[in-house]
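# Remarks on the overall topology
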Amino acid sequence: MGSQVHGAQKFDEAKRAATVFSDEAMKTVQTIISHYPPERIKSAMLPVLHVAQAEFGGWLSPETMDYVASILKVKPVEVFEVASFYTMYNLKPMGKCVLEVCQTSSCWLNGAEDIVKYIEKKLNIKVGETTKDGMFSLKVAECLGSCGTAPMLQCGASYHENLTYEKVDKILDDYRAEGKLRSYTDLDYKNTL
Amino acid sequence: MGRKLLIHNDKVPGINTLEVYRAHGGYASVEKALKSMQPDQITDEVKKSGLRGRGGAGFPTGMKWSFLAKPEGVPRYLVCNADESEPGTFKDRYLMEKIPHALIEGMITSSYALGAKTSYIYIRGEYFYVARILEAAIAEAYAAGWLGKNILGTDFSHDCYVQVGGGAYICGEETALLESLEGKRGNPRIKPPFPAVAGLWGCPTVVNNVETIAAVVPIVNMGGEEYAKIGVGKSTGTKLISASGHINKPGVYEIELGITVEDFIYSDEYCGGIRNGKKLKAVVAGGSSVPILPTELILKTAKGEPRLMTYESLSDGGFQTGTMLGSGGFIAMDEDTSIVKNLFTFARFYHHESCGQCSPCREGTGWMEKILKKFLNGTATESDVELLWDIQSKIEGKTICPLGEAAAWPVAAAIRHFKHEFLEIARNKKFVDISHYDRLNLIRA
Amino acid sequence: MKVTIDGITIDVPKGTTILEAARMIGPEVAPPTMCYYSKLKTSGGYCRTCIVKVTQGSAANPTPMPKPVASCRTEVMDGMVVENTINNDVLEARKGVVEFLLINHPLDCPVCDQAGECSLQDLSYEHGAAKTRYEFPRREFERIDIGKYVQLHMNRCIMCFRCVKVAEQLTDNRVHGVMHRGDAAEISTYIENVIENEFSGNVIDVCPVGALTDKTFRFKSRVWFTKPVDASCDCKKCSGKVRLWMKGPDVLRVTARKNMWAEVEEFICNTCRFDRKSVSDWKIEGPSPIHRGSVISQNHYNHLNELKVQVMKQQKALGFMDINKRP
């Protein structure tokens, strides 16, 4: 559970004031909200948090969550409760590319542990850590529904399946060359099989 | 070759687009339903078909639909459970990714039957790219008039939306899914009331698995009776099986319910046997939560009859010698697999996924994982086996939702059938990982 | 509606839960509760200590329920037959629940202000095992002050959700809640925040353990050395009906009045709870009736003192509280 932050966090008023969606992101948020009856817009919480995470640097700061609360007209604590429940929301800053290696049964039967060790060695970080240059974070994930194409890892929206060491090398090289923040909401996902 | 009703067109180029899907007979069920059938007739056909929930529990779908409360002036909802997260299961992802319109067609036809003006597809957040595929398909369907106001000129209007989750296995439990859809923590609700009476936003709601909804399409097209002719006994129709583990051909297979397990594992049409000429050791037949069975019990029942891929045959013998069809997550393990270590990955999974609402699951799942870790460290004692057994028995049946059972059953089954492996580690004070990772070894060499 | 619990039949109105029906019969058959609170809507169902076996669903449909049910959230059907204390499976399951609740509990009763009026102590005493089978490090959290008057000691929390429901149902701005999930779940404000509300102090009274305690009473006295007295005042914010916990002439703390099920009769405001700590603030009504079997009801420890003398006679040179040493 690498992304967990326990206890009370600091809150920065200036940072909060500067937290505003771009017009494009706001449009996406409004579309999501339109999917629900007007008195039920809290329902948009999960998808809007995904948009916010992609928009504000790949993680949800207390200020970001407070901003989402104001848009969805809920108490900030309700957003904290939800964001901390689900594994896909990062509650602390992460690398641009978060590598999530599946470690459950079928992936383990097919060598997920070795993939994790290989990435740890290659990037010189442990699970839960971020590389010094801020490019990669490594996480382990529970079953990502890719058991027939195990082992696998997810980065942002992209699924990278049937992994071998060589494929991992190539995947990391490509992301490094690209050098951009990868989010679950990316439209330009590029799965590899 | 068995008949296929759901993914028969999966290899057709462009089948993800409306144009190609339509050219292959797509949306015929919507036409048939809206133009020539009353909503209740569709429910009757689904009842006649004998279709059972494909998410894992196997509850008769027609019966579930008929429980839906229909008070005047209160909206009703259909929610598709696309939160596929049961380890070993990836069939819904395959279906949605390859043929998204099959699900959307099912959503429209089913919504018409249930009188739902709005439906939601709740898909697990990790499948974000699949959600994009579904959204694109929905946009196509709107543009072509299959969704929206007055579909096919009738007075049936329908809106269908996709919602992504945030990463939580528990949201596959239908009431947790509804909580999550309402923008809350995925804590399962205490039942009753059931969703059919008070579901999404307190309104009557039906929650069905992706495959279940997709199966409504062929049922409407061919008629419930015709559909029921496929299969054996109360296991009618076809089922998607996600096959993984140490088999030659992992992947998603659509089978006619009733083929033998042996045929499924060893025939070239399906899994193609065990990799590298190894022997089969054990199978988890229906997703991580169902009891693991050793080879002799998965191929034949305790009575010596061939085990079939049906709800009834797989559960023959109860949990003493049987298992469950579950979600159809079929994980095969070869002779070099450590059952204890595989169990550890399951225990870690359930510990990670417990929502924390009720005490037996919150505390018990973590405890079991810690004890299993002792086995991997070689520090376990023989009494730890008894302790594990006792803990799982105190979780099973004592929790709010079925995650308690899902966490307890694999532990119980592993001890029931493979106790000697636990005892051996405890006696030798040493765990030797005998598993092989052949694909990776190729590269190392 | 007729329901039979442990062989005793009672007539109850429709909509009554099994737990409420059992309480109507009496404490002998009433299941213990840790999370249910009759004054808080939607409470209960989480801790699983009140599970019972329904051996007959109703007169119309006599089939037994397959699994034990949470009696606090299961409504009675006419002709239902329930087994609680007479069913060994139920008692065994409850023992399991107690063990689960305790594996991550710090067992720091000697330094916990709740000791003596703690539902978890009572539960363990009545339904638990003597020894733990848990050998791993326990979950640990930092202590947090949430506001001027309330301290959150998360290590002791059993996740009953009562305090969250108090904030939701009694106040208009909930700032604390449940963060994270599974066994990492914690009650927290997440960002540094204070629970500042006229009724926030009630979270202390509803907390079944020592997770939320009154800072104005912190380490002042063991509760069994204080005398509970019912008192009232003319309060504009609440009923003003309280319980004073006195030592000599001093009011060491003020709480709401609790009934025999350890539930408050009426919630009180923070002014009464924290600011009226002088006898002159109150009209004394008389000594409080203390119903349940906690040490407070032993009323003033004559019995305990005798016991102590006997023990001391047998174990010379051994402190009475020195539980770690063996003769």
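Cut-off values and rules
Residues numbered from 1 in each chain as written. Chains lettered and ligands numbered in written order. Predicted model: local features only at pLDDT ≥ 70, side-chain atom pairs only at ≥ 80, totals over all residues. Helix = DSSP H or I, 4+ residues; strand = E, 2+ residues; numbered from the N terminus. Rg over C-alpha atoms; globule rule 2.2 N^0.38 Å. Buried ≥ 20, exposed ≤ 12 C-beta atoms within 10 Å, placed from the backbone. Contact = placed C-beta atoms within 7 Å. Core = buried A, V, L, I, M, F, W, Y, C linked by C-beta atoms within 7 Å. Pairing = 2+ DSSP bridges. Axes fitted to C-alpha atoms, helices over the stretch in contact; angles between N-to-C directions. Domains from an automatic or database assignment. Nonpolar A, V, L, I, M, F, W, Y, C, P; charged D, E, K, R; others polar. Parallel < 35°, antiparallel > 145°, perpendicular 65-115°, else oblique. Left-handed = near helix turned anticlockwise from the far one by under 90°. Right-handed = clockwise from strand over helix to strand, strands pointing away.

When helices and strands are counted, chain B shows 19 helices and 11 strands. At 22 Å, chain B has a C-alpha radius of gyration in line with the 22 Å of a compact globule built from 445 residues. Its C-alpha atoms give chain B principal-axis dimensions of roughly 75 × 45 × 45 Å. Per-residue burial over chain B gives 60% buried out of 445 residues. Intrachain contacts of chain B at a sequence separation of at least 6 include 72% that bridge at least 24 residues.

Turning our attention to the nonpolar core. By size, the foremost hydrophobic cluster in this structure holds 263 residues, and its most contacted members are Val79(B) and Leu95(B). If we skip the residues at most four places from it in the chain, Leu95(B) touches Leu6(B), Ile7(B), Ala102(B), Leu103(B), Val210(B), Glu211(B), Ala214(B) and Leu240(B). Among the nonpolar cores identified, the runner-up in size contains 15 residues, and Ala231(C), Ile268(C), Cys272(C) and Trp282(C) belong to it.

Residues and elements named next belong to chain C. What the four strands build is an open sheet, ordered S13-S12-S11-S14; its pairing is antiparallel. Among the strands making up the open sheet, the edge pair consists of strand S13 (250-256) and strand S14 (283-287). In this sheet, neighbouring strand axes are inclined to one another by 35° on average, regardless of whether the strands run parallel or antiparallel.

The next subject is the domain arrangement of chain B. Residues and elements named next belong to chain B. Per the domain assignment, the segments making up chain B are domain 1 (18-229), domain 2 (232-328) and domain 3 (339-428). Look at where the C-alpha atoms of domain 2 and domain 3 centre, and you get two points 24 Å apart. On the domain 3 side, the residues contacting the nine residues of domain 2 number nine residues. Split by residue class, the side of domain 2 that touches domain 3 holds seven nonpolar, two polar and no charged.

Our next topic: the packing of helix H2 (residues 28-36) of chain B against helix H6 (residues 100-114) of chain B. Any two packed helices are characterised by how steeply their axes cross, that is the angle between the axes, and by the distance between the axes. Residues and elements named next belong to chain B. Between H2 and H6, the shortest axis-to-axis distance is 9 Å and the interhelical angle comes to 15°. It follows that H2 is roughly parallel to H6 by the angle criterion. Read as a crossing pair, H2 and H6 show a hand that is left-handed. Contacts from Ser29, Val30, Ala33 and Leu34 in H2 reach Glu105, Ile108, Thr109 and Tyr112 in H6. In terms of residue class, the contact of H2 with H6 is made up of five nonpolar, two polar and one charged.

So, on to helix H4 (residues 62-72) of chain A. Since the α-helix advances by 3.6 residues per turn, residues separated by three or four positions end up pointing in the same direction. For H4(A), every residue scored as buried is listed here: Pro62(A), Glu63(A), Thr64(A), Met65(A), Tyr67(A), Val68(A) and Leu72(A). Downstream of H4(A) by one or two residues, Lys73(A) has phi in the positive range, about 55°.

Right, let's talk about the sheet that holds strand S4 (residues 69-70) of chain C for a bit. Residues and elements named next belong to chain C. Here five strands make up an open sheet; going across it, the order is S2-S1-S5-S3-S4 and the pairing mixed. The open sheet has two free edges, formed respectively by strand S2 (8-11) and S4, since each of these has just one partner strand. As judged from the two bridges shared by strand S3 (residues 51-56) and S4, these two strands associate in the antiparallel manner. Opposite isoleucine 51, over in S4, you have alanine 70 as the bridge partner.

Facing the 23 residues of chain C at the interface are 21 residues of chain B. Ranked by residue count, the leading element in the side of chain C that touches chain B is helix H2 (residues 88-103) of chain C, at six residues. Of the residues that constitute the side of chain C that touches chain B, the class distribution is 13 nonpolar, four polar and six charged.

Bringing the pairing of strand S2 (residues 118-123) of chain B into the picture now. A regular strand carries its side chains on alternate faces of the sheet. Residues and elements named next belong to chain B. Of all six residues that make up S2, six are buried, and the element is covered over most of its length. Note that S2 and strand S3 (residues 159-164) share six bridges and pair parallel. Paired with serine 119 across the strands is cysteine 160, a residue of S3. Regarding topology, helix H7 (residues 128-143) serves as the crossover connection from S2 to the parallel S3, and that connection is right-handed.

Taken together, the contact pairs 52 residues of chain B with 45 residues of chain A. Where the side of chain B that touches chain A is concerned, the elements lending two or more residues are H7, S3, helix H8 (174-181), strand S7 (238-245), strand S8 (251-256), strand S11 (329-334), helix H15 (339-353) and helix H19 (438-444) of chain B. Looking at the side of chain B that touches chain A element by element, the count peaks at six residues for H15(B). The class makeup of the residues in the side of chain B that touches chain A is 21 nonpolar, 22 polar and nine charged.

Our focus in this paragraph is the domain arrangement of chain C. All names here are of chain C. Taken domain by domain, chain C consists of domain 1 (2-96), domain 2 (104-219), domain 3 (221-287) and domain 4 (294-327). Using C-alpha coordinates to define each centre, domain 2 is positioned 21 Å away from domain 3. Opposite the 15 residues of domain 2 that make contact, domain 3 presents 15 residues. Looking at the side of domain 2 that touches domain 3, its residues break down into five nonpolar, six polar and four charged.

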